[in-house]
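Structural features, examined
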Amino acid sequence: MEKNRYDCALKVIEANDSIIIHRHSNPDGDALGSQVGLYEIIRENYPDKRVYMVGDESERYGFISERAMDEVDDSLFCSSLSIILDTSSSALISDDRWRSAKDSLRFDHHLFIEKIADYEVVDSTYESSCGLIADFAKTLGLKVNDKAAKALYTGMVTDSGRFLYDSVSSRTHTIAAFLLERSFDRNDIFRNLYVEDLESVKRKLSFMERIKFTYNNVAYVYSTKEDVAKMGLSPFSVSRGMVNTMANLKGVHVWVNFTEDGDKVLCELRSDSYDINKIAKKYGGGGHLKASGATLCSRKEAESMLKDLDSLVEDDNE
């Protein structure tokens, strides 16, 4: 079954001389890792093809690509294949010009929300889109160079929580072993991902001092625009980067980070036990069973979501 889906995807890639690779906006390690990894795989196996990477930049994960995204003229899309990675919703795709592409293909590991591309390889049993891309290459016998392996391994590490999350399986480790057969410096990856300066540690401590709890022990932090400004970070960096400071608190099985961004509120929901995805979907978001996100229109709506999360835990305890 996998090989049939992969064969179809490969035929689409082979049929196009110009390929533009997209992923979601505000990219994390998996988004950029899968983008860089697939870019290198296509270039390595099909050197005559013109391949481009587009989207917004990331200061946090910029070390994965080691260069800026490509500037692509509008006119190129009508004769190109747009490949969309690590994206469950079309509204999240960075660079909306994929809609005008001649063909479109998606690789994604999120829970299915909507059909986006002409051709799709969507499988939520993978811990990461990087793992899916690596398995695609492994299954079809495609060459994977050192740069591709390093990028894909980085995304697997970040989206699996260093191989700790429930989504990790024996297949995850088999794919990781396949990538580790290449030559790259794992220490360099971990230095970039986890080494922190003193100011970063102080920011996290300040953030943790604001953790509150609902009646049923849902942990949460609500950061106003003023709070974000004091931390000296972007709203996305506070939202995505700080949410797991609430992980591993004794007695806490659901945690949520609310961060004001202009007139909207970014939400990151996490759990070690509950399906919080259904709450995220109720508010127009999505993701995974135990790690999801949404964008809300007000603090009042954030309070409503928090009540729903509290009820989720309460109902289970009855």
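Residues numbered from 1 in each chain as written. Predicted model: local features only at pLDDT ≥ 70, side-chain atom pairs only at ≥ 80, totals over all residues. Heavy atoms only, no water.

1. A short note on the sheet that holds strand 3 (residues 81-85)
Here we have five strands laid out as an open sheet, ordered 2-1-3-4-5, and parallel in their pairing. A single partner strand is all that each edge strand has here, and the edge strands are strand 2 (50-53) and strand 5 (119-122). With strand direction ignored, the average angle separating the axes of adjacent strands in the sheet is 15 degrees. Of the pairings in the sheet, the one linking strand 1 (residues 18-23) to strand 2 comprises four bridges and is parallel in character. In the strand pairing of strand 2, Ser-18 is matched with Arg-50. Those strands touched by helix 4 (residues 129-140) are strand 3, strand 4 (103-108) and strand 5, and its axis lies near 110 degrees from that of strand 4. (Pairing = 2+ DSSP bridges. Helix = DSSP H or I, 4+ residues; strand = E, 2+ residues; numbered from the N terminus. Axes fitted to C-alpha atoms, helices over the stretch in contact; angles between N-to-C directions. Contact = heavy atoms within 4.5 Å.)

2. Digging into the pattern of salt bridges
Within this structure, the stated rule accounts for 21 salt bridges. Its salt-bridge partner being Arg-210, residue Asp-227 comes within 3.6 Å of it at the nearest N-O pair. Of this pair, Asp-227 sits in helix 9 (residues 225-231) while Arg-210 is found in the loop between helix 8 (198-208) and strand 6 (212-213), placing the two residues 17 residues apart along the sequence. When the shortest N-O distance is used, the salt bridge between Arg-270 and Glu-268 registers 3.0 Å. You'll find Arg-270 and Glu-268 in the same group, each marked buried. A single network of salt bridges, built from pairs that share partners, joins Asp-28, Arg-240, Glu-268 and Arg-270. (Salt bridge = Lys/Arg side-chain N within 4 Å of Asp/Glu carboxyl O. Buried < 20%, exposed > 50% of the residue type's maximum accessible area, 1.4 Å probe, protein only.)

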